[in-house]
Amino acid sequence: MTSWKAGEVRKTDVTIAKNYLDETEIDELNRIVAMWLDYAEDQARRRKQVFMKDWERKLDEFLSFNERRVLPHAGSVSKKAADEHAREEFERFAVRRRDYKEQIGEAENIKALEQAAKLNKG
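Presented here is an overview of the structure given in this document. (Residues numbered from 1 in each chain as written. Predicted model: local features only at pLDDT ≥ 70, side-chain atom pairs only at ≥ 80, totals over all residues. Heavy atoms only, no water.)

1. Some remarks on unusual backbone geometry
This is how the line gets drawn: Comment: elements are numbered from the N terminus, with helices defined as DSSP H or I runs of at least four residues and strands as E runs of at least two. With a 1.4 Å probe rolled over the protein chains alone, any residue whose accessible area is under 20% of its type maximum counts as buried; one over 50% counts as exposed, and the rest are partly exposed.
In this structure, Arg47 takes a positive phi of about 55° despite not being glycine. With respect to the helices, strands and loops of the structure, Arg47 is situated in the loop between α1 (23-45) and α2 (52-65). Arg47 gets classed as exposed once you look at its relative accessible area, which sits at 76%. Positive phi, normally seen in glycine, also occurs at Glu67, with a value near 55°. Counting through the fold element by element, Glu67 comes out in the loop between α2 and α3 (79-121). Residue classification places Glu67 among the exposed positions, given a relative accessible area of 75%.

Pasting the structure below:
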């Protein structure tokens with residue numbers, strides 16, 4: 001993951017696909033979406049009748065025109081399966097993160113106790 005809402009990754013962050021894009025990719029995505037929405041708005045303002053079945057073809061043509069790769073199909077993994085996999089991976093990650101934080105906390109406690117002992121001796 002490359003971005004998330006709070007200071008650390010939360011379970012809700014792992015199912016948002018654009019969290020896996022870097023800043024340049026997000027900028028490109030934002031630009032192509034803005035262009036597509038401008039195109040769609042222009043079609044509506046000119047009262048061009050476009051049926052829903054035509055939008056998929058028009059989107060593929062739009063992406064091709066803009067020299068973007070068009071995926072040939074939706075893939076073989078459902079959103080539900082992908083989300084479940086992401087949640088399972090997050091749970092494994094959360095256990096490792098918790099262990100790491102506990103180790104850091106233990107080290108900090110030992111250091112604080114050592115410093116307190118030094119102050120009491122002095």
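After that view, the rundown keeps rolling.
2. A short note on the packing of aromatic side chains
This is how it is decided: Stacked, tilted and edge-to-face are the three classes assigned to paired rings of Phe, Tyr and Trp, where Trp is represented by its six-membered ring and a pair needs centres within 6.5 Å; plane angles under 30 degrees give stacked, over 60 edge-to-face, the rest tilted.
Applying the stated criterion across every chain yields a total of six aromatic pairs. Judged by centre distance (5.4 Å) and plane angle (35°), the ring pair of Trp36 and Tyr39 falls under tilted. Taken together, the residues Trp36 and Tyr39, both in helix α1 and three residues apart, mark about one turn of the helix. Owing to a relative accessible area of 15%, Trp36 belongs among the buried residues under this scheme. Geometrically, the ring pair formed by Tyr39 and Phe62 is stacked, given 6.2 Å between the ring centres and 25° between the ring planes. Within this pair, whereas Tyr39 is found in helix α1, its partner Phe62 is found in helix α2, the two being separated by 23 residues in sequence. Of the residues examined, Tyr39 reaches a relative accessible area of 26% and is grouped as partly exposed. Pairwise contacts between aromatic rings join Trp36, Tyr39, Trp55 and Phe62 into one cluster.

3. A short note on the side chain of Arg97
The condition that has to hold: Whenever two N or O atoms come within 3.5 Å, that pair is a polar contact, provided that in protein one can donate a hydrogen and the other can accept it, and provided that, for residues adjacent in sequence, both atoms are side-chain atoms. Residue contacts are counted whenever heavy atoms from the two residues lie within 4.5 Å of one another.
Here Arg97 shows up in helix α3. For Arg97, a relative accessible area of 17% puts it in the buried group. A distance of 2.8 Å separates the side chain of Arg97 from the backbone oxygen of Val9, its partner in a polar contact. Discounting chain neighbours no more than four positions away, the residues touching Arg97 are Glu8, Val9 and Phe90.

4. Observations regarding the pattern of salt bridges
Which entries qualify depends on this criterion: Salt bridges are identified by distance alone: a Lys or Arg side-chain nitrogen within 4 Å of an Asp or Glu carboxyl oxygen.
Under the defined criterion, the tally for this structure stands at twelve salt bridges. A salt bridge links Lys101 to Glu8, with the nearest nitrogen and oxygen atoms 2.6 Å apart. Separated by 93 residues along the polypeptide, Lys101 in helix α3 and Glu8 in the segment before α1 bring together distant segments of the chain. Among the residues examined, Lys101 registers a relative accessible area of 44% and is labelled partly exposed. Lys11 is the partner of Glu91 in a salt bridge, and the nearest nitrogen-oxygen pair spans 3.2 Å. Residue Glu91 is located in helix α3, and its partner Lys11 is located in the segment before α1; the two are separated by 80 residues in the primary sequence. With relative accessibility at 40%, the residue Lys11 sits in the partly exposed group. If you follow the salt bridges from partner to partner, you end up with Glu8, Arg10, Arg97 and Lys101 in one network.

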